[in-house]
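So the chains spell out like this:
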Amino acid sequence: MPLSPHDASQPVIFVLEDDPDIARLICMSMGEYGFRCEHLSTGRQLLARARQSAPDLCIVDLGLPDMDGMQVVRELQDGSPCAVLILTGRNDVTDRVLGLELGADDYIVKPFEPRELVARVRSILRRYQRSASAEATVERNTARFAGWTFDASRHALSAPDGREISLSAAEAGLLATLLRRPNKILSREQLLGERDVDPFDRSIDVRISRLRRKLDDDPQNPRLIKTVYGAGYLFAAQVDWK
């Protein structure tokens, strides 16, 4: 299914879904709110298409005919980083945590309410737009802290010993948010964006845990990303932007 015929300035959504009826519902719902959708039915088709032209966001089903959707999310983040929303019938908490650890921005279980799907997509894109706007207005895009270097414009993280550390788009956005407001407590709502946070939503906790591992930050006694119980997280280091 080609891109829906809307204004070229509108966000482009790739919909990876092997059920044509569900794909049609998603594309119609998104199209009603001004999104341009392209439907792809296999993981290989999506990955090839994303390499040709990066979308603003991918909606990814996990049960696919040619490969597991988790592998699609992993390869997207490795080769064509973009916003990802997982939409699947798999409601196991292990799948939810793994999807978020691989870099997905959100996880919705079928059956779904189309208006909620649109709201979640809008929330994700607002977070990415704010991040891009902040980087565009702040000339200093390279942060140095505790021997580490982070280039926000390239999502590139370098360890004190020179190792390059791979970050997903979601992890890079979260790290940038923490680094731009060091030594300040940031709530889950501030770290996630404008979306209301369910008390049982652990997506930020999962990403914080993954960032700590990549920053060699002991989760039992973290030096850099500290948990402020009942309030949020605090980046406890001096940050110099160049």
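Student: What should I look at first to understand the pattern of salt bridges in this one?
Tutor: Any two side chains of opposite charge can pair, given that their charged atoms come close. Applying the stated criterion across every chain, the model contains 17 salt bridges. A salt bridge links Arg90 to Asp68, with the nearest nitrogen and oxygen atoms 3.0 Å apart. Separated by 22 residues along the polypeptide, Arg90 in the loop between β4 (83-88) and α4 (93-101) and Asp68 in the loop between β3 (57-60) and α3 (69-79) bring together distant segments of the chain. In this structure, Arg90 engages Asp95 in a salt bridge whose closest nitrogen and oxygen atoms are separated by 3.3 Å. Classification of Asp95 as buried rests on a relative accessible area of 16%.

Student: Hey, could you run me through the environment of Arg144 in this one?
Tutor: Residue placement: Arg144 occurs in strand β6 (residues 142-145). Taking C-alpha positions, Arg144 is 8.4 Å from Gln238, a pair spaced 94 residues apart along the chain. Sequence-distant contacts of Arg144, defined by excluding residues within four places in its chain, comprise Thr149, Gln238, Val239, Asp240 and Lys242.

Student: Would you take a moment to explain helix α1 (residues 20-32) for this structure?
Tutor: Since there are 3.6 residues in each turn of an α-helix, residues three or four apart along the chain are aligned in direction. Taking 1.5 Å per residue as the helical rise, α1 with its 13 residues ought to reach 18 Å, and the 18 Å between its terminal C-alpha atoms agrees with that figure. Along α1, the residues classified as buried are Ala23, Ile26, Cys27, Ser29, Met30 and Gly31. Two or three places before Asp21, at the opening of α1, Asp19 has a side-chain oxygen 2.9 Å from that residue's backbone nitrogen. At the C-terminal side of α1, Gly34 shows a positive phi close to 90°.

Student: Which parts of the structure should I look at to understand the sheet that holds strand β2 (residues 36-40)?
Tutor: Backbone hydrogen bonds are what pair the strands of a sheet, in a parallel or an antiparallel way. With parallel pairing, the five strands of this open sheet are ordered in space as β2-β1-β3-β4-β5. The open sheet is flanked by β2 and β5 (106-109), the only strands paired with a single partner. Neighbour-to-neighbour, the strand axes of this sheet turn through a mean angle of 20°, independent of strand direction. One ladder, built from four bridges, connects strand β1 (residues 12-16) with β3; its direction is parallel. By the bridge assignment for β3, Leu16 is matched with Val60.

Student: Hey, could you run me through the sheet that holds strand β11 (residues 225-228) in this one?
Tutor: Here we have three strands laid out as an open sheet, ordered β10-β12-β11, and antiparallel in their pairing. Bordering the open sheet on either side are β10 (185-186) and β11, each of which pairs with just one other strand. With four bridges joining them, β11 and strand β12 (residues 232-235) adopt antiparallel strand pairing. Within the sheet, the bridge partner assigned to Val228 lies in β12 and is Gly232. Contacts from helix α8 (residues 203-214) reach β11 and β12 within the one sheet, and its direction differs from that of β11 by about 150°.

Each value, and the rule that gives it
Numbers given for residues are sequential positions, taken from 1 along each chain in its written order. Local features in a predicted model are, by the rule used here, given only for residues with pLDDT of at least 70; side-chain atom pairs are given and counted only at 80 or more, and totals for whole chains, interfaces and linings are based on all residues. To get the side-chain values, all heavy atoms of the structure are used, and hydrogens and water are removed first. Salt bridge, as used here: a side-chain nitrogen of Lys or Arg that lies within 4 Å of a carboxyl oxygen of Asp or Glu. A run of H or I in DSSP counts as a helix once it spans at least four residues, and a run of E counts as a strand once it spans at least two, with each numbered from the N terminus. Only protein chains enter the accessibility calculation, which uses a 1.4 Å probe; a residue whose area is less than 20% of its type maximum is buried, one above 50% is exposed, and one in between is partly exposed. In this description, contact between two residues means that some pair of their heavy atoms is separated by no more than 4.5 Å. To estimate the expected span of a helix, count its residues, drop one, and scale the result by 1.5 Å. Any pair of nitrogen or oxygen atoms within 3.5 Å is treated as a polar contact; in protein, a donor-acceptor pairing is required on top of that, and neighbouring residues in sequence qualify only through side-chain atoms on both sides. Criterion used throughout: strands pair if DSSP finds at least two bridges between them. Note on geometry: axes are lines fitted to C-alpha atoms, helical ones only across the stretch in contact, with angles between N-to-C directions running from 0 to 180 degrees.

All quantities given are derived from atomic positions and should not be read as evidence of function.
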